[in-house]
Amino acid sequence: MARWCYRHRLVVLLLWVGALFGLGFGASTAGTNYANVFSLPDTDSKSAYDLMEKAFPNTSGDTDTVVWKVDQGSVKDQAVQDRVQPALDKIAKMKGVGAVTSPYADARGAAQISGDGRIAYAQLTFTQRANEVPKDLVQNVLDTAQDAERGGLQVELGGQAIQRIQEPPQGLSEMVGVIAAALVLFLAFGSLFAMLLPIAIAVFGVGMGLFSTQLLSHTTDIPDIAPLLASLIGLGVGIDYALFIVTRHRRGIQRGMDPEEAAVTALNTSGRAVLFAGGTVCIALAGMLVTQLRFLDGVVVGTSLTVVLSVLAATTLLPALLGFLGPRVLSRRQRRRLAANGAESEKASGLAARWSSNVQTRPRRIAALALVVMAVLAIPVLSLRLGATDQGNDDASTTTRKAYDLLAEGFGPGFNGPLQVVTEGGDTATLVKGIESTSGVARVAALPPARGVTVIQVVPTTSPQSRQTDELIDTLRDTVIPQAGAKAHVGGVTAVSKDFASVTGDRLPLFVATIIGLGFLLLLIAFRSLVVPLTAALMNLIAAAASFGVLVAVFQWGWGLDLLGLGKEGPINAFLPVIMLSLLFGLSMDYQVFLVSRMHEEWVHTRDNARAVRVGLAETSRVINSAALIMVCVFLAFVLSGDSGAAMAGVGLAAAVALDAFILRTALVPAAMHLLGNSNWWLPTWLEKRLPHLAVEPKEEAEPALEEGPASAVHGFIRTADGDPVDGASVTLLTKGGRQLDRVTSLADGSYIVSVPAPGTYLLATTASSYGSRAAHVIVADGPLVYDVELAEGEVDAVN
């Protein structure tokens, strides 16, 4: 497939461009129809909602609030009324505004004025839901209301529709993330063309994913946060997958391969790993479905579709683009060096190789240090509290946050999240008295009954996000309502948030077990090992605990919130653990696949665990760290999205990816694999026979039968660069396909001898614990071959 795409590059490019523009035209014509459906069956708040829908079927449209405060005097003063009431009248006449309830309208409006007379509010109801209200109308409402301000009179607005227009422009966070990723790519590649390739793949994958999600919003319920999360994960994986393939392709050209063969080899090695990694991300995302939370179904659809399209772009569009560039995928300096010096050796050197050797030399110390760092970061997770963010968590400079604070100041902290006790029949008066006498209740008001249903508005003394409000809801449900003998349910936004957090918390263990179990099975089949998937599962749990610890410290404890401009501390969004764990486990599996697949490739060839782990880490750590740095930049850019949920997910995922790549995959995983030795690759024989074969690496070419001829030998000395003999070095003779034929240990004078069954070409691998390792092909003719090996400290020579 890679070869076909490379040779028919113009056709492939035109098909992708046509598909992107076609989907874009269809999506822009159809518009959006996102819907936030919080379906919580078998919960008390859902029962309350169903009763209210039965009694008040026509209460649709978003309700927002205009709040004003005077520095001196009272809001009842005629001068204040003459400023505010005309603005409210003008807003009420706007097309799209259903009603405006003013405190100056009649005697009932007195309840909308604070006890000290300095703060008042008016409620305005739009005819559409918040995400459907035209932004021009909302901006007109905001401007009209704030035009009434003067010295000593402050006017602020709150509500979901108002919140939408104070968000930064759409695409700002994506653009910042792409620019940051481009800088990292340019530093990694040193070539403008090579830098543009991963960006182009991400743009095609994310663009088509977002357009497709927008079209699907007309056929199924997709929440409005789904596009943000889809672009967040799509940009990350799209750039990363292309980075892995382009890195392998460039390495092939630098080692003397024709550009077409380099592209085919890159797709047949790293491309396979990309397919496998993309599959693991989609499976981890699909794990959200076991929670049976309808709100998350649309998130699964949007993010999974974007990941699939990103993988498709990386495996079909990328080889076509590589065909257009040819050798220009290298920088000019690299092309000049290649022309002057010829192909580079297959030796991994530099910082990555030295670090890999250090991990092999000091595995216990490095593993212990990494575990201590992750454990310290995980400590805050013990105080994790799930809930829902509201406009009280907005930045202090926004009008929604100012309106929230004014309402809390004038009418109490609980006014921003009133509870609704909904009852059908029964003794309402007794229930009202019971609620009034309950600790933690500020005000109670029973609305006129409709269709046999009575709604009792209950204003708590504490804020919607406080633990005391949660305890009040429990008290009403468990004690007050049963004592009154009423059949009633506690609803409202605050109660829905509490129930959502409870349901999520209850189903989280099943969800975690599902995605870890599926990931374990995939790695078990791919790497034919029990220990590798067990290690991956344990590392995923460690990464999750540490990343949630960072999240709690920042968003729940408030550490660094002012620095990030993310408003006020509060509970962690109830839906975030499910979304974040899905993405984290999927991305962690990506890095595990890229790291271990290279180790497994070396293990198959040499059956030397120490060499396999050292070579695998030396050859992949740089590209994994570059990919992680790109992901961190993309995720952190979503702090600028203006959406608190996306900002929280961005910070959490950035922390998770950084910890996973820079500490776990670069230090803890290889250190643990060195300590475990050959048991890393252990699999019971009976299980090996029953497992299906799913190869991450390309299939080995059939090994030719050994030529018939007299037995011979390879012998010589193992010495250091200074000429000193190396005692105890391991010398292994293998066939070209990786089958071990003989293995010996060098003597005190550095001498060795391995037996050769017949003339031919073989692979001779030499390794010593205090030195590096070497592997080279040797050609044995009719007689014994003398072959001396020189080992240099910190050197890793990788032969595929």
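Further up the page is the structure itself.
Just so it is clear, the model here is predicted, and its values are computed rather than measured.

Caption draft 1: Main features of the overall build of the protein chain. When helices and strands are counted, the protein chain shows 24 helices and 20 strands. Overall size of the protein chain, expressed as C-alpha extent along the three principal axes, is 110 × 55 × 45 Å. When each of the 800 residues of the protein chain is scored for burial, the buried share is 56%. Restricting the contact set of the protein chain to residue pairs at least 6 apart, pairs at least 24 apart contribute 77%. By element, 57% of the accessible surface of the protein chain is carried by carbon and sulfur atoms, the whole surface being about 33500 Å². Taken as two groups, the 61 positive and 70 negative side-chain charges of the protein chain have centres that lie 3 Å from each other.

Caption draft 2: Layout of the pairing of strand E10 (residues 488–491). Here E10 shows a buried face lined by Ala488 and Val490 and a second buried face lined by His489 and Gly491. Note: strand E7 (residues 419–424) against E10, four bridges, orientation antiparallel. The residue of E10 that forms the bridge with Val422 is His489.

Caption draft 3: Structural view of the sheet that holds strand E3 (residues 119–126). As summarised here, the arrangement of the four strands in space is E2-E3-E1-E4, forming an open sheet in which the pairing is antiparallel. Two strands close off the open sheet at either side, each with one partner strand: strand E2 (97–101) and strand E4 (153–158). Across the sheet, the axes of successive neighbouring strands diverge by a mean angle of 20°, strand direction being ignored. Looking at chain direction, strand E1 (residues 63–70) and E4 are connected through six bridges and run antiparallel. The residue bridging Val67 from the neighbouring strand is Glu156, located in E4. Running at roughly 160° to E2, helix H4 (residues 78–92) makes contact with E1, E2, E3 and E4 of the sheet. Running over the sheet, helix H5 (residues 135–146) touches E1, E2, E3 and E4 and is turned about 160° from E4.

Caption draft 4: Focus on the packing of aromatic side chains. Counting across every chain of the model gives eight aromatic pairs. Seen in terms of ring centroids, Tyr121 and Phe411 are 5.2 Å apart; in terms of plane orientation they differ by 85°. Their pairing is edge-to-face. Note that Tyr121 is positioned in strand E3 and Phe411 in helix H15 (residues 399–411), a separation of 290 residues in sequence. The exposure class of Phe411 is buried, given its relative accessible area of 7%. One aromatic cluster is present, built from ring pairs that chain together Tyr121, Phe411 and Phe415.

Caption draft 5: Main features of the sheet that holds E7. Spatially, the four strands line up as an open sheet ordered E8-E9-E7-E10, and their pairing is antiparallel. For this open sheet the edge positions go to strand E8 (441–446) and E10, each flanked by a neighbour on one side alone. If you compare each strand with its neighbour and ignore which way they point, the axes differ by 20° on average. Of the strands in this sheet, E7, E8, strand E9 (453–460) and E10 are in contact with helix H16 (residues 428–436), which crosses E9 at around 10°.

Caption draft 6: View of the nonpolar core. Core analysis: the largest hydrophobic core is formed by 155 residues, its most contacted members being Met288, Phe585, Tyr591 and Phe635. Aside from chain neighbours lying at most four places away, what touches Phe635 is Leu232, Leu587, Gly650, Leu653, Ala654 and Val657.

Caption draft 7: Region of the structure containing H5. Across its 12 residues, H5 extends 16 Å between first and last C-alpha, which sits within 8% of the 16 Å expected from 1.5 Å per residue. Among the residues of H5, Leu137, Val138, Val141, Leu142, Thr144 and Ala145 are the ones counted as buried. Take H5 and look down its axis: the buried residues cluster within an arc of 165°, on one side only.

Caption draft 8: Representation of unusual backbone geometry in the model. A positive phi angle, close to 50°, is found at Arg528, a residue other than glycine. Looking at where Arg528 falls in the secondary structure, it is placed in the loop between helix H18 (493–527) and helix H19 (531–556). The buried category is assigned to Arg528, whose relative accessible area is 13%.

Caption draft 9: Highlighting the environment of Glu424. Here Glu424 lies in strand E7. Each C-alpha atom, one on Glu424 and one on Asp390, is 30 Å from the other, the two residues being 34 residues apart in sequence. What Glu424 contacts, discounting residues up to four positions off in sequence, is Leu51, Lys54, Gly452, Val453 and Lys487.

Parameters at a glance
- Residues numbered from 1 in each chain as written.
- Predicted model: local features only at pLDDT ≥ 70, side-chain atom pairs only at ≥ 80, totals over all residues.
- Heavy atoms only, no water.
- Helix = DSSP H or I, 4+ residues; strand = E, 2+ residues; numbered from the N terminus.
- Buried < 20%, exposed > 50% of the residue type's maximum accessible area, 1.4 Å probe, protein only.
- Contact = heavy atoms within 4.5 Å.
- Areas by Shrake-Rupley, 256 points an atom, 1.4 Å probe, with all protein chains shown as cover.
- Lys, Arg positive; Asp, Glu negative; His and termini not counted.
- Charge placed at Lys NZ, Arg CZ, Asp CG, Glu CD.
- Pairing = 2+ DSSP bridges.
- Axes fitted to C-alpha atoms, helices over the stretch in contact; angles between N-to-C directions.
- Phe/Tyr/Trp six-rings, centres within 6.5 Å; stacked < 30°, edge-to-face > 60°.
- Core = buried A, V, L, I, M, F, W, Y, C linked by side-chain atoms within 4.5 Å.
- Expected span 1.5 Å × (residues − 1).
- Arc of directions from axis to C-beta.

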